[in-house]
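# A structural walkthrough
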Amino acid sequence: MPPKLSFNLVKLPLLVPFTTSFGTQLDRVAHIFSLENEGITAYSESTTDVDPFYSYEDNVTAMHLIKDYFAKEIADLPTPAAFMERVEHIKGHEMAKAALEMLLWDYHSKKSGIPLHKYLGKSKGYADVGISIGMLEEDKLVPSIMNSLNKGYKRIKLKISKGRETRILSTARLSFPDAVLSADANCDYRIEDLELLKSLDQYGLAYLEQPLGHDDIVDHAALRQSISTPLCLDEAITSPDMAREAFQIDAVDIINIKPGRVGGLSNSLKIAELVHNYGGHCWVGGMLETGVGRAFNIALASNQLVDMPGDTSPNEKYFSKDIVRNIFKMDKGTISPFESPGIGVILDTEFMNMMSISTGEIQL
Ligand code: OSB
Ligand code: MG
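Scope of this entry: the structure provided in the associated data block. A quick note: this is a predicted structure, and the numbers were derived from the prediction, not measured.

Calculation rules
Residues numbered from 1 in each chain as written. Chains lettered and ligands numbered in written order. Predicted model: local features only at pLDDT ≥ 70, side-chain atom pairs only at ≥ 80, totals over all residues. Core = buried A, V, L, I, M, F, W, Y, C linked by C-beta atoms within 7 Å. Buried ≥ 20, exposed ≤ 12 C-beta atoms within 10 Å, placed from the backbone. Domains from an automatic or database assignment. Axes fitted to C-alpha atoms, helices over the stretch in contact; angles between N-to-C directions. Helix = DSSP H or I, 4+ residues; strand = E, 2+ residues; numbered from the N terminus. Parallel < 35°, antiparallel > 145°, perpendicular 65-115°, else oblique. Left-handed = near helix turned anticlockwise from the far one by under 90°. Contact = placed C-beta atoms within 7 Å. Nonpolar A, V, L, I, M, F, W, Y, C, P; charged D, E, K, R; others polar. Pairing = 2+ DSSP bridges. Right-handed = clockwise from strand over helix to strand, strands pointing away. Near = placed C-beta within 6 Å.

## Some remarks on the nonpolar core
In terms of nonpolar packing, the biggest core is built from 102 residues, with Ile32, Ala99, Leu103, Ile255, Ile271 and Cys282 touching the most fellow members. Both domains that furnish three or more residues to this core are identified here as domain 1 (4-113 + 348-362) and domain 2 (118-335).

Pasting the structure below:
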């Protein structure tokens, strides 16, 4: 029997609406992929969503690329690195590539009988965990931060947007003078906003994440010279080459690595290595993933090269019920990856099917 690739498009309501500078998200709508071969079932999740707001990719573009270009390249179950070489001539679409690249990582680590976090290289055996808090009504911000600190989160990241940053950050800093705080602007500012961005130095942030354009590193380099807050890039780093160039022109201190955004785990590890060689720091971000994508993120965040707390909250932060039976638990601000082969998640296929908008098989 040849390998079989199938998908579920699931829609899970978020426990708390997630508001960023680009909008409010009420649900996580995700393609979950399953690859079956010789008694092994591997899984992955596309980090795309309904709207092309975080990046130009969305669920429809990802499915187009996967069905029409990428699926046939995994029919012989290549290594993740070999797959990435085969699709290199297709520009961009890193999230679509990552969905299949990560499927191959899960498949090969399961076939080897090794948990993914060990299969990826040197693992610490745990991930340090921070939280990403969406923009909230005035009266809900302080209780939300308080609750997160009580749960043991090692860093509190607050979403900001142009015009709302001063209220959010001054409120947070006044109430929590010693907390490790960061701010994520999701590209809402321009270099013309320099004075406003300089004023954020007073809040003693651990870093400011992606204040300027999604495809910019030049203005970020200029901004970095003018502020004392360390600069973290997310959207702008779409490949190991972009990471290298950002360090070469002094545009960045810290990189938020999201495997989806950079074409998968091979590139994530390359970026982590490069960051280390340039003396920078990195952490693993998130895209409100279900338990499937979360398991990949936590395996990567456990790597020794990842040296800051990431956005890998336990499942219960996002969903009242996830599509997996084994959920992550946070203990003193850390989460341990699963120790069974591959990503180690046990899918709740019944619940996944119940929450699916559509399902299907993809021709390899
Ligand atoms: O910019 O890091 C971001 C969620 C969706 C899209 C972009 C971002 C985020 C988050 C949440 O910050 C991270 C998470 O908890 O998964
Ligand atoms: Mg971000």
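Right, picking up where we left off after that structure.
## Let's talk about the packing of helix H5 (residues 138-151) against helix H6 (residues 165-175)
Interaxial distance between H5 and H6 falls to 10 Å at its minimum, and their mutual angle equals 45°. Here H5 lies oblique to H6, going by the angle between them. Note on packing geometry: the crossing formed by H5 with H6 is right-handed. On H6, the residues that touch Leu141, Val142 and Ile145 of H5 are Ile168, Thr171, Ala172 and Ser175. A breakdown of the residues in the contact of H5 with H6 according to their chemical character gives 5 nonpolar, 2 polar and no charged.

## A closer look at the pairing of strand E7 (residues 181-184)
As judged from the 4 bridges shared by strand E6 (residues 156-159) and E7, these two strands associate in the parallel manner. Residue pairing across strands places Leu158 opposite Ala183, the latter belonging to E7. Taken together, E6, H6 and E7 constitute a β-α-β crossover, and its handedness is right-handed. Across 2 bridges, the pairing between E7 and strand E8 (residues 208-209) is parallel. Its bridge partner being in E8, Ala183 is matched across the sheet by Leu208.

## Focus on unusual backbone geometry
Even without glycine at this site, Asn186 takes up a positive phi of about 45°. Tracing the sequence through the fold places Asn186 in the loop between E7 and helix H7 (194-198). In this structure Asn186 comes out as buried when scored by C-beta crowding, with 20 C-beta atoms within 10 Å. The phi torsion at Lys332 lies on the positive side, around 50°, for a residue other than glycine. Of the residues examined, Lys332 has 10 C-beta atoms within 10 Å and is grouped as exposed.

## Let's talk about the site of ligand 1
Contacts to ligand 1 come from Tyr54, Ser132, Asp184, Asn186, Asp234, Gly285, Gly286, Met287, Leu288, Asp311 and Ser313. Across the shell around ligand 1, the residue classes break down as 3 nonpolar, 5 polar and 3 charged.

## Side note on the environment of His214
One can find His214 in the loop between E8 and helix H8 (218-226). Separated by 150 residues in the primary sequence, His214 and Leu364 have C-alpha atoms spaced 33 Å apart. The contacts of His214, once residues within four sequence positions are left out, are Ser55, Cys187, Glu235 and Ala236.

## Observations regarding helix H11 (residues 291-301)
With respect to burial, H11 is a largely interior element, 11 of its 11 residues being buried. Among the residues of H11, Gly291, Val292, Gly293, Arg294, Ala295, Phe296, Asn297, Ile298, Ala299, Leu300 and Ala301 are the ones counted as buried.

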